[in-house]
Amino acid sequence: YLDVAPVIFLVVNNEGKVELINKAGCTIFGYNETEILGKDWIANFIPPNAQQHCREIYDPIFTQNTLVTDAYENYIRTKSGDQRLIAWNISTLQDTSGKTIATLSSGQDITEKRAQEEFIRKAHDELKDYSLRLQASTAELEQFAYTSSHDLQAPLRKIQSFGERLKSKESTQLSDSGKDYIDR
């Protein structure tokens with residue numbers, strides 16, 4: 001079962017050494033099983049900038065027999081030097097006296113998922129920014145339309161008033177087509 005499961009299964013003993021890793025783990029890490037087994041988990045497979053966080057999880061398990069968390073995320077370093085983000089679930093393996101002798105962890109590579117979430121978050125932020133700019137632009141256009149409409153009403157009233165005055169005072173001198181133009 002361990003080798004057909006699509007998640008990493010990892011056992012780390014109380015000395016911090018890898019005792020078991022399944023096929024999915026080897027594939028994600030880019031190593032074969034013999035290159036991983038017996039190696040110090042934190043020193044060899046955790047990037048330097050994530051090692052302290054990892055120690056904060058593992059040290060209390062073995063020194064105080066205390067599981068700080070049963071789920072966490074951290075980056076691992078692959079054979080090629082790439083970093084992959086893994087979501088871990090961790091449990092302890094204990095001897096008959098109750099002392100923790102190892103951890104059993106299952107991990108899922110969430111690197112792409114996190115990248116997609118980040119892409120969606122950025123796209124959402126850009127759309128939100130665009131929407132705010134569009135709202136501001138719409139408000140400016142509405143203000144411009146209101147102002148333009150108001151500014152154009154005065155000249156139109158003058159033209160209309162002039163046309164009515166012309167019609168009332170000079171209608172006898174206007175041709176039928178001239179009267180028609182004024183009525184429009």
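Thresholds, definitions, all that
Residues numbered from 1 in each chain as written. Predicted model: local features only at pLDDT ≥ 70, side-chain atom pairs only at ≥ 80, totals over all residues. Heavy atoms only, no water. Phe/Tyr/Trp six-rings, centres within 6.5 Å; stacked < 30°, edge-to-face > 60°. Helix = DSSP H or I, 4+ residues; strand = E, 2+ residues; numbered from the N terminus. Pairing = 2+ DSSP bridges. Axes fitted to C-alpha atoms, helices over the stretch in contact; angles between N-to-C directions. Core = buried A, V, L, I, M, F, W, Y, C linked by side-chain atoms within 4.5 Å. Buried < 20%, exposed > 50% of the residue type's maximum accessible area, 1.4 Å probe, protein only. Contact = heavy atoms within 4.5 Å. Patch = residues over 30% accessible without salt bridge, like charges linked within 9 Å, V, L, I, M, F, W, Y side chains within 5 Å. Areas by Shrake-Rupley, 256 points an atom, 1.4 Å probe, with all protein chains shown as cover. Salt bridge = Lys/Arg side-chain N within 4 Å of Asp/Glu carboxyl O.

**Digging into the packing of aromatic side chains**
- Summed over the entire model, instances satisfying the criterion amount to five aromatic pairs.
- When the centroid spacing of 5.5 Å and the interplanar angle of 90 degrees are considered together, the rings of Tyr 31 and Phe 45 count as edge-to-face. Of this pair, Tyr 31 sits in the loop between helix H1 (23–29) and helix H2 (33–36) while Phe 45 is found in helix H3 (residues 41–45), placing the two residues 14 residues apart along the sequence.
- Every member of this aromatic cluster is reached through a ring pair, and the members are Phe 29, Tyr 31, Trp 41, Phe 45 and Trp 88.

**Structural notes on the sheet that holds strand E3 (residues 71–77)**
- The strand order across the open sheet formed by five strands is E2-E1-E5-E4-E3, and the pairing between neighbours is antiparallel. Only two strands of the sheet have a single partner each, and these edge strands are strand E2 (18–21) and E3. Neighbouring strand axes in the sheet, compared pairwise and without regard to direction, differ in orientation by 30 degrees on average.
- Taken together, the seven bridges between E3 and strand E4 (residues 83–94) define a ladder with antiparallel strand orientation. Among the inter-strand pairings, Tyr 72 is bridged to a residue of E4, identified as Trp 88.

**Some remarks on the nonpolar core**
- Counting 24 residues, the largest nonpolar core has Leu 10, Phe 29, Ile 36, Trp 41, Tyr 58 and Trp 88 as the members making the most contacts within it.
- Taken together, the elements giving at least two residues each to this core come down to strand E1 (8–13), E2, H1, H3, helix H4 (48–63), E3 and E4.
- The element that contributes the greatest number of residues to this core is H4, accounting for six residues.
- Residues within four places of Trp 41 in sequence aside, it is in contact with Leu 10, Val 12, Gly 16, Val 18, Phe 29, Ile 46, Cys 54, Tyr 58, Ile 76 and Trp 88.

**Quick notes on a nonpolar patch on the surface**
- Taken together, the side chains of Leu 93, Ile 101 and Leu 104 present a nonpolar region at the surface, about 200 Å² in accessible area.
- Positionally, Leu 93 belongs in strand E4.

**Quick look at unusual backbone geometry**
- Residue Asn 65 is not a glycine yet carries a positive backbone phi of 60 degrees.
- Topologically, Asn 65 is positioned in the loop between H4 and E3.
- According to the relative accessible area criterion, Asn 65 is partly exposed, its value standing at 38%.

**Quick word on the pattern of salt bridges**
- Taken as a whole and judged by the stated rule, the model has eight salt bridges.
- For the salt bridge of Asp 109 with Arg 84, the shortest nitrogen-to-oxygen distance reads 2.9 Å. Here the residue Asp 109 occupies a position in strand E5 (residues 100–109), and Arg 84 occupies one in strand E4, the gap between them amounting to 25 residues.
- Relative accessible area serves as the criterion here: at 23%, Asp 109 is assigned to the partly exposed category.

**Remarks on the pairing of E4**
- The loop that links E3 with its antiparallel partner E4 comprises five residues; one of these, Gly 81, has a positive phi angle of about 95 degrees.
- Note: E4 against E5, nine bridges, orientation antiparallel. Looking at the pairing, Ala 87 lines up with Gln 108 of E5.
- Following E4, the chain reverses through five residues before pairing antiparallel with E5; Gly 98 in that reversal takes a positive phi of roughly 95 degrees.

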